[in-house]
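# Summary of the model geometry
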Amino acid sequence: MGEHKERMLRGELYRDSDPELVAQRRQAQTLCDEFNRTAPDETERRDTVLRQLLGKLGEGSWIMPRFQCDYGYLIEIGANSFLNYDAILLDCAPISIGDDVSIGPRCQLLTALHPMEDHEMRRRRWESAAPIRIGDNVWFGGGVIVCPGVTIGDNTVVGAGSVVTRDLPDRVFAAGNPARVIRQL
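As a starting point, this report considers the structure included with it. Everything quoted here is computed from the prediction, not taken from an experiment.

Here we come to the side chain of H4. With respect to the helices and strands, H4 occurs in helix α1 (residues 3–9). At a separation of 3.0 Å, a polar atom in the side chain of H4 contacts the main-chain amide nitrogen of R15. Filtering out sequence-adjacent residues up to four positions away, H4 remains in contact with Y14, R15, D18, L21 and W126.

Here it is, written out as C-alpha coordinates:
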(Lines give C-alpha, C1' and ligand atoms only; values in the text may rest on other atoms or scores of the structure.)
Protein backbone atom coordinates (compact mmCIF):
# COMPACT_ATOMS: atom_id res chain seq x y z
CA MET A 1 0.00 0.00 0.00
CA GLY A 2 1.32 3.39 -0.99
CA GLU A 3 1.91 6.42 1.22
CA HIS A 4 -1.08 8.45 0.00
CA LYS A 5 -3.54 5.59 0.40
CA GLU A 6 -2.25 4.99 3.93
CA ARG A 7 -2.63 8.71 4.68
CA MET A 8 -6.17 8.70 3.26
CA LEU A 9 -7.18 5.70 5.39
CA ARG A 10 -5.76 7.39 8.52
CA GLY A 11 -7.75 10.58 7.83
CA GLU A 12 -4.62 12.61 7.14
CA LEU A 13 -3.93 14.96 4.24
CA TYR A 14 -3.19 13.06 1.02
CA ARG A 15 -3.03 13.65 -2.73
CA ASP A 16 -5.90 12.10 -4.67
CA SER A 17 -3.73 12.23 -7.81
CA ASP A 18 -1.61 9.37 -6.44
CA PRO A 19 -1.48 6.66 -9.17
CA GLU A 20 -2.66 3.91 -6.79
CA LEU A 21 -5.72 5.94 -5.78
CA VAL A 22 -6.45 6.94 -9.38
CA ALA A 23 -6.35 3.27 -10.43
CA GLN A 24 -8.68 2.26 -7.60
CA ARG A 25 -11.17 5.01 -8.49
CA ARG A 26 -11.11 3.91 -12.13
CA GLN A 27 -11.81 0.33 -11.08
CA ALA A 28 -14.76 1.54 -8.97
CA GLN A 29 -16.02 3.71 -11.84
CA THR A 30 -15.92 0.69 -14.15
CA LEU A 31 -18.02 -1.34 -11.72
CA CYS A 32 -20.41 1.59 -11.15
CA ASP A 33 -20.84 1.94 -14.92
CA GLU A 34 -21.52 -1.79 -15.24
CA PHE A 35 -24.08 -1.60 -12.43
CA ASN A 36 -25.74 1.51 -13.88
CA ARG A 37 -26.11 -0.13 -17.31
CA THR A 38 -28.11 -3.08 -15.97
CA ALA A 39 -31.69 -3.62 -17.07
CA PRO A 40 -34.50 -3.44 -14.49
CA ASP A 41 -34.89 -7.24 -14.45
CA GLU A 42 -31.16 -7.94 -13.91
CA THR A 43 -31.34 -8.01 -10.12
CA GLU A 44 -28.90 -10.92 -9.81
CA ARG A 45 -26.31 -9.16 -11.98
CA ARG A 46 -26.75 -5.94 -9.98
CA ASP A 47 -26.19 -7.83 -6.74
CA THR A 48 -23.06 -9.52 -8.13
CA VAL A 49 -21.54 -6.21 -9.25
CA LEU A 50 -22.35 -4.51 -5.94
CA ARG A 51 -20.70 -7.35 -4.01
CA GLN A 52 -17.55 -6.86 -6.11
CA LEU A 53 -17.64 -3.10 -5.57
CA LEU A 54 -18.64 -2.61 -1.94
CA GLY A 55 -16.90 -3.57 1.28
CA LYS A 56 -20.15 -5.12 2.53
CA LEU A 57 -23.70 -5.45 1.23
CA GLY A 58 -26.04 -6.96 3.80
CA GLU A 59 -28.65 -9.58 3.04
CA GLY A 60 -31.78 -8.13 1.46
CA SER A 61 -30.21 -4.73 0.71
CA TRP A 62 -30.38 -3.13 -2.70
CA ILE A 63 -29.43 0.01 -4.59
CA MET A 64 -31.19 1.62 -7.54
CA PRO A 65 -29.15 2.96 -10.45
CA ARG A 66 -27.61 5.51 -10.92
CA PHE A 67 -25.12 4.92 -8.17
CA GLN A 68 -21.71 6.60 -7.87
CA CYS A 69 -18.84 6.19 -5.43
CA ASP A 70 -15.10 6.83 -5.30
CA TYR A 71 -13.67 3.50 -4.13
CA GLY A 72 -16.52 1.24 -3.02
CA TYR A 73 -14.51 -0.93 -0.64
CA LEU A 74 -14.89 1.68 2.13
CA ILE A 75 -18.72 1.38 2.02
CA GLU A 76 -20.51 -1.07 4.30
CA ILE A 77 -24.27 -1.47 4.10
CA GLY A 78 -26.20 -3.55 6.64
CA ALA A 79 -29.14 -5.88 6.02
CA ASN A 80 -32.45 -4.86 4.45
CA SER A 81 -31.31 -1.34 3.51
CA PHE A 82 -32.24 0.61 0.40
CA LEU A 83 -30.56 3.41 -1.56
CA ASN A 84 -32.86 5.06 -4.08
CA TYR A 85 -31.96 6.58 -7.47
CA ASP A 86 -28.88 8.78 -7.96
CA ALA A 87 -27.08 8.10 -4.68
CA ILE A 88 -23.57 9.58 -4.49
CA LEU A 89 -21.23 8.19 -1.83
CA LEU A 90 -17.80 9.83 -1.81
CA ASP A 91 -16.02 7.20 0.24
CA CYS A 92 -12.52 8.58 0.81
CA ALA A 93 -13.16 7.49 4.41
CA PRO A 94 -15.41 4.66 5.63
CA ILE A 95 -19.15 5.01 5.16
CA SER A 96 -21.17 2.71 7.40
CA ILE A 97 -24.91 2.31 6.79
CA GLY A 98 -26.83 0.23 9.33
CA ASP A 99 -29.67 -2.26 8.95
CA ASP A 100 -33.14 -1.30 7.69
CA VAL A 101 -32.02 2.11 6.38
CA SER A 102 -34.00 3.87 3.63
CA ILE A 103 -32.13 6.55 1.69
CA GLY A 104 -34.23 8.68 -0.65
CA PRO A 105 -33.36 9.68 -4.22
CA ARG A 106 -30.41 11.96 -4.95
CA CYS A 107 -28.87 11.72 -1.49
CA GLN A 108 -25.17 12.41 -1.04
CA LEU A 109 -22.83 11.05 1.64
CA LEU A 110 -19.62 13.07 1.37
CA THR A 111 -16.51 12.17 3.37
CA ALA A 112 -14.00 14.38 1.51
CA LEU A 113 -12.54 17.50 3.15
CA HIS A 114 -10.25 20.17 1.73
CA PRO A 115 -7.98 22.59 3.64
CA MET A 116 -9.90 25.77 4.45
CA GLU A 117 -7.19 27.98 5.91
CA ASP A 118 -4.23 26.85 3.80
CA HIS A 119 -5.14 28.12 0.35
CA GLU A 120 -1.92 26.84 -1.24
CA MET A 121 -2.50 23.28 0.02
CA ARG A 122 -6.01 23.39 -1.44
CA ARG A 123 -4.65 24.76 -4.73
CA ARG A 124 -2.18 21.85 -4.86
CA ARG A 125 -5.13 19.43 -4.42
CA TRP A 126 -4.38 18.08 -0.93
CA GLU A 127 -7.42 16.66 0.85
CA SER A 128 -8.44 14.55 3.81
CA ALA A 129 -11.60 12.68 4.76
CA ALA A 130 -13.73 11.85 7.79
CA PRO A 131 -16.03 8.81 8.15
CA ILE A 132 -19.83 8.85 8.06
CA ARG A 133 -21.86 6.48 10.24
CA ILE A 134 -25.59 5.93 9.84
CA GLY A 135 -27.38 3.87 12.49
CA ASP A 136 -30.14 1.30 12.10
CA ASN A 137 -33.66 2.08 10.87
CA VAL A 138 -32.76 5.58 9.64
CA TRP A 139 -34.79 7.26 6.89
CA PHE A 140 -33.53 10.07 4.64
CA GLY A 141 -35.96 12.01 2.48
CA GLY A 142 -34.87 12.90 -1.04
CA GLY A 143 -31.85 15.10 -1.60
CA VAL A 144 -30.31 14.82 1.86
CA ILE A 145 -26.60 15.71 2.05
CA VAL A 146 -24.49 14.29 4.88
CA CYS A 147 -21.16 16.06 5.47
CA PRO A 148 -17.82 14.52 6.52
CA GLY A 149 -17.46 13.12 10.02
CA VAL A 150 -21.20 12.95 10.81
CA THR A 151 -22.84 10.15 12.81
CA ILE A 152 -26.61 9.70 12.65
CA GLY A 153 -28.26 7.73 15.46
CA ASP A 154 -30.68 4.81 15.26
CA ASN A 155 -34.34 5.39 14.31
CA THR A 156 -33.69 8.96 13.15
CA VAL A 157 -35.51 10.61 10.23
CA VAL A 158 -33.92 13.39 8.17
CA GLY A 159 -36.26 15.60 6.11
CA ALA A 160 -35.91 16.03 2.36
CA GLY A 161 -33.32 18.54 1.20
CA SER A 162 -31.55 18.73 4.55
CA VAL A 163 -27.81 19.29 4.90
CA VAL A 164 -26.49 17.37 7.91
CA THR A 165 -23.35 19.08 9.21
CA ARG A 166 -23.35 17.70 12.79
CA ASP A 167 -24.12 14.43 14.55
CA LEU A 168 -27.79 13.59 15.13
CA PRO A 169 -28.89 11.51 18.13
CA ASP A 170 -31.16 8.46 18.17
CA ARG A 171 -34.91 8.82 17.63
CA VAL A 172 -35.23 12.36 16.31
CA PHE A 173 -36.69 14.09 13.30
CA ALA A 174 -34.20 16.62 11.91
CA ALA A 175 -34.50 18.94 8.92
CA GLY A 176 -33.12 22.12 7.42
CA ASN A 177 -29.87 23.65 6.23
CA PRO A 178 -28.04 23.06 8.40
CA ALA A 179 -30.19 20.26 9.76
CA ARG A 180 -31.41 20.70 13.33
CA VAL A 181 -33.49 18.52 15.58
CA ILE A 182 -37.18 19.40 15.18
CA ARG A 183 -38.62 16.87 17.62
CA GLN A 184 -38.12 13.53 19.36
CA LEU A 185 -39.57 10.38 17.81
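With respect to the helices and strands, R122 occurs in helix α4 (residues 119–123). Residue R122 is classed as partly exposed on the basis of its relative accessible area, which comes to 34%. In this view, R122 contacts H114, P115 and M116; residues no more than four positions away in its chain are not counted. In this structure the side chain of R122 is engaged in a polar contact, spanning 3.1 Å, whose partner is the backbone oxygen of M116.

Looking now at the pattern of salt bridges. Summed over the entire model, instances satisfying the criterion amount to seven salt bridges. Residue E42 pairs with R45 through a salt bridge whose shortest N-O separation is 3.5 Å. The network of salt bridges with common partners includes E6, R10 and E12.

Here the focus is the sheet that holds strand β18 (residues 163–164). Judged by pairing direction, the sheet is parallel, and its five strands sit side by side in the order β4-β7-β10-β15-β18 without closing on themselves. Pairing within the sheet leaves two strands with one partner each, and these edge strands are β4 (67–69) and β18. Examined bridge by bridge, β4 and strand β7 (residues 87–90) share three bridges and lie parallel to one another. Directly across from Q68, in β7, lies its bridge partner I88.

Among all positions in helix α3 (residues 43–53), only R46, V49, L50 and L53 are buried. Viewed end-on, α3 has its buried residues packed into an arc of 100 degrees, placing them on one side of the element. Set apart from the buried face of α3 by more than 90 degrees, the exposed residues are E44 and Q52. Where α3 is buried, its residues contact α2 (19–36), β2 (56–57), β3 (62–63) and β4.

Analysis parameters
Residues numbered from 1 in each chain as written. Predicted model: local features only at pLDDT ≥ 70, side-chain atom pairs only at ≥ 80, totals over all residues. Heavy atoms only, no water. Helix = DSSP H or I, 4+ residues; strand = E, 2+ residues; numbered from the N terminus. Polar contact = N/O pair within 3.5 Å; in protein donor to acceptor, adjacent residues only side chain to side chain. Contact = heavy atoms within 4.5 Å. Buried < 20%, exposed > 50% of the residue type's maximum accessible area, 1.4 Å probe, protein only. Salt bridge = Lys/Arg side-chain N within 4 Å of Asp/Glu carboxyl O. Pairing = 2+ DSSP bridges. Arc of directions from axis to C-beta.

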